[in-house]
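For reference, the chains in residue letters:
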Amino acid sequence: TEEGIFLPPNKAVVTRKKEKKNNGKGKKNSQRELNYYENGENRAGTKNYLVVRITDGDNKARSENAITMSDDIFGTTNDPINLKSQMEACSYNKLIVDPAPLPVEKEAAPGVLEVKVEAKLNSPDGVYLVENAVTQQIQQELNITLPGDFDQVLYVVEDCYGDDCGYAAYAYYNHWRSLYRAQYYKHTGVLMHEIGHNLGMAHSGGLDGATYTDHTGLMGNPLYGDDLGRMCFNPAKSAFIGWYDDKIITIDLRQSHSQVHRLYGISDYGSSSSSLVNIRLETGLNEDYYVGFNRATGINEQNDEADNEVTITKAQNTFSFSYQSRLQAHLIQGESKALDPIGSRTFTITAETININADPSYADVCITDTGNCDANPPSPTTVTPTPAPTSACDDMAGWTDSYGDSCDWYEQYDSTGCPSYGEYWANPDTGVTPNMACCWCGGGSSLTSSPALRPTLSPTSAPTLSPTSAPTSAPTS
């Protein structure tokens, strides 16, 4: 099985088979399970993270003891690269990850709770049965309703058995829960990716159009290993997460613009000499462009693609959710990328200069719709975006999904923008997904601005190769 963090195809939804029209492609979770953190409150501040070391009904548990597990995730002994160290590094301490406090008699190690359940991993739907049983057991033992005082809860199971085990981990969008199998709980890149889903971020696709192949940031699937994870997120995700807002500008592409901007890497965000780390190019459509300098040093030294190049990504970001992003280009010095036309304007982005010998390193980037830029990089200014115009939209003629359903199905069974199902069930012949084909999902012949969307809870598969819908409804306490 190809290594990846993903949910197996027949576990992408609550029901294992699509049931026609009465409940659609999968039941949504109950309202009490949706969007615990839709206001972004888990993205900043000091947060308590709980790790649950699970033993199943066959006494299967990870061989690492609780002390080792605490060190692997929080660096409580001497683990050099871990979830705590990297999340705090990428956020410049705007998000502090603390081991969750527990009653003395319950704490197996800092931030680690040990739980034993009767459900067995080596049984049909074993991981999901164990997940639900653990949730119940924690609530009973601690006399709480999860998440209680915990901000994030990480379940660690010994392994997965059977045919549906081609994933490393999964998590839930805007939620408190994630689950890791086998050794993947100690892989910092996997942990950062899954918690990224909990923070509201979907996957990052590459130039090949696949879902998880943008390796310029951790919402692709670039890094697997105990001490592999010194990367952060691509420009689209970085703009969403809010950690760098004081060094991000917005340029409205519905207005003429010809200017050179000096960009610094996220790894130099903390330098007083760096003034700009991200440019959002507002299109007036559902998706905007984001431009960054992918400096591969410091907190981003294990970057896996396009080291020290200018990267351009495209995505729809709302306050509560960062949708699938797609890498558009990565540019070495002298290379250019023409963007899709915005009305009558066509903008070109050129990496005019990349200087990695400067301190801090920088890239001078020309953004123009006239063919040339001012000679010298001016001080960046923020352009206040104007409301996007609305326009008519036609669904892609003749399109159906992999089940044979047209866009009408998505109007009936998903919310505007298709936050639950828009990325999945692509047409098997064309690869076109609902959010590309259907106006209701933000696609169609003419993309228009849509209201801020509130995606429903779905486990986000991590750098996954399959959908991210919830595997099971969480049990009620």
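Note that this is a predicted model, so its numbers are computed, not measured.

**Here's the deal with the overall build of the chain**
Argument step 1. Regarding its fold elements, the chain presents 7 helices and 18 strands.
Argument step 2. Counting over 477 residues, the chain shows a buried share of 60%.
Argument step 3. Counting only contacts in the chain whose residues sit at least 6 apart along the sequence, the fraction spanning at least 24 positions is 68%.
Argument step 4. Accessible area of the chain: about 17900 Å², with a carbon and sulfur share of 45%.

**Remarks on the side chain of Asp 214**
Argument step 1. Locating Asp 214 in the fold gives a position in the loop between strand S8 (204–205) and helix H5 (235–241).
Argument step 2. It turns out Asp 214 is buried and unbridged, and the closest side chain with the opposite charge, Lys 237, is 8.2 Å from it.
Argument step 3. Engagement of the side chain of Asp 214 in a polar contact is seen with the side chain of Thr 216, the distance being 2.6 Å.
Argument step 4. If we ignore the near neighbours within four places in the chain, the residues touching Asp 214 are Ser 204, Gly 205, Gly 206, Gly 220, Asn 234, Glu 305, Thr 313 and Leu 327.

**Looking at the nonpolar core**
Argument step 1. Membership of the largest hydrophobic core comes to 50 residues, with the highest contact counts inside it found for Leu 83, Met 87, Trp 243 and Tyr 244.
Argument step 2. Of all elements in the fold, only strand S1 (45–55), helix H1 (66–74), helix H2 (83–90), strand S2 (95–99), strand S5 (152–157), helix H4 (188–198) and H5 reach the threshold of two or more residues within this core.
Argument step 3. With sequence-adjacent residues up to four places away left out, Tyr 244 is seen in contact with Cys 90, Tyr 92, Ser 238, Ile 266, Tyr 269 and Val 277.
Argument step 4. Among the nonpolar cores identified, the runner-up in size contains 30 residues, and Val 52, Val 117, Phe 150 and Tyr 167 belong to it.

**With respect to H1**
Argument step 1. Across the 9 residues that make up H1, a large majority, 7, are buried.
Argument step 2. Ala 66, Met 69, Ser 70, Asp 71, Asp 72, Ile 73 and Phe 74 are the residues of H1 that are buried.
Argument step 3. At the N-terminal end of H1, a side-chain oxygen is found 3.2 Å from the backbone nitrogen of Ile 67, two or three residues along, and the residue is Asn 65.

**Some details on the pattern of salt bridges**
Argument step 1. Counting across every chain of the model gives 18 salt bridges.
Argument step 2. When the shortest N-O distance is used, the salt bridge between Lys 84 and Glu 88 registers 2.7 Å. Of the two residues, Lys 84 and Glu 88 are both situated in helix H2; the distance of 4 residues between them amounts to about one turn of the helix.
Argument step 3. One salt bridge in this structure joins Arg 254 and Asp 252, with 3.0 Å as the shortest N-O distance.

**A few points about the pairing of strand S7 (residues 177–181)**
Argument step 1. Summarising burial for S7: 5 of the 5 residues are buried, a large majority.
Argument step 2. Burial of S7 is two-sided: the residues Arg 177, Leu 179 and Arg 181 facing one way and the residues Ser 178 and Tyr 180 facing the other way are all buried.
Argument step 3. Relative to S7, strand S6 (residues 169–172) is paired through 3 bridges, and the arrangement is antiparallel. Each residue of the ladder has a partner; that of Tyr 170, found in S7, is Leu 179.

**Observations concerning the packing of aromatic side chains**
Argument step 1. Inspection of the entire model under this criterion finds 14 aromatic pairs.
Argument step 2. Between Tyr 184 and Tyr 224 the ring centres are 6.3 Å apart and the planes differ by 80°, which places this aromatic pair in the edge-to-face class. Of this pair, Tyr 184 sits in the loop between S7 and H4 while Tyr 224 sits in the loop between S8 and H5, and the two are 40 residues apart along the sequence.
Argument step 3. Owing to a relative accessible area of 9%, Tyr 184 belongs among the buried residues under this scheme.
Argument step 4. Overall, Tyr 224 belongs to the buried group, its relative accessible area being 16%.
Argument step 5. Arranged with centres 6.1 Å apart and planes meeting at 50°, the rings of Trp 399 and Tyr 410 form a pair that is tilted.

**Thoughts on the environment of Asp 268**
Argument step 1. Positionally, Asp 268 belongs in the loop between strand S10 (258–263) and strand S11 (278–282).
Argument step 2. Under the relative-accessibility criterion, Asp 268 is labelled buried at 15%.
Argument step 3. Sequence separation between Asp 268 and Asp 359 is 91 residues, and the spatial gap between their C-alpha atoms is 9.1 Å.
Argument step 4. Among all residues touching Asp 268, those that are not within four sequence positions of it are Tyr 92, Ser 274, Arg 295, Pro 360 and Ser 361.

**Here we look at a negative patch on the surface**
Argument step 1. Residues Asp 394, Asp 395, Asp 408 and Glu 411 make up a contiguous surface patch of negative charge.
Argument step 2. Relative to the assigned elements, Asp 395 resides in the loop between strand S17 (362–368) and helix H6 (407–413).
Argument step 3. According to the relative accessible area criterion, Asp 395 is partly exposed, its value standing at 32%.

**Some details on the state of the cysteines**
Argument step 1. Under the defined criterion, the tally for this structure stands at 6 disulfides.
Argument step 2. Indicated for the chain is the disulfide connectivity 1-4, 2-3, 5-6, 7-11, 8-10, 9-12, based on numbering the bonded cysteines in sequence order.

**Comments concerning the sheet that holds S10**
Argument step 1. In spatial order, the strands read S10-S17-S16-S15; together these 4 strands make up an open sheet with antiparallel pairing. Each end of this open sheet is capped by a strand with a single partner; those strands are S10 and strand S15 (336–338). Neighbour to neighbour, the strand axes of the sheet diverge by 20° on average, direction disregarded.
Argument step 2. Two elements, strand S16 (residues 348–355) and S17, share 7 bridges in a ladder whose sense is antiparallel. Across the sheet, the residue bridging to Thr 350 is Cys 366, located in S17.

What counts as what
Residues numbered from 1 in each chain as written. Predicted model: local features only at pLDDT ≥ 70, side-chain atom pairs only at ≥ 80, totals over all residues. Heavy atoms only, no water. Helix = DSSP H or I, 4+ residues; strand = E, 2+ residues; numbered from the N terminus. Buried < 20%, exposed > 50% of the residue type's maximum accessible area, 1.4 Å probe, protein only. Contact = heavy atoms within 4.5 Å. Areas by Shrake-Rupley, 256 points an atom, 1.4 Å probe, with all protein chains shown as cover. Lys, Arg positive; Asp, Glu negative; His and termini not counted. Salt bridge = Lys/Arg side-chain N within 4 Å of Asp/Glu carboxyl O. Polar contact = N/O pair within 3.5 Å; in protein donor to acceptor, adjacent residues only side chain to side chain. Core = buried A, V, L, I, M, F, W, Y, C linked by side-chain atoms within 4.5 Å. Pairing = 2+ DSSP bridges. Phe/Tyr/Trp six-rings, centres within 6.5 Å; stacked < 30°, edge-to-face > 60°. Patch = residues over 30% accessible without salt bridge, like charges linked within 9 Å, V, L, I, M, F, W, Y side chains within 5 Å. Charge placed at Lys NZ, Arg CZ, Asp CG, Glu CD. Disulfide = S-S within 2.5 Å. Axes fitted to C-alpha atoms, helices over the stretch in contact; angles between N-to-C directions.

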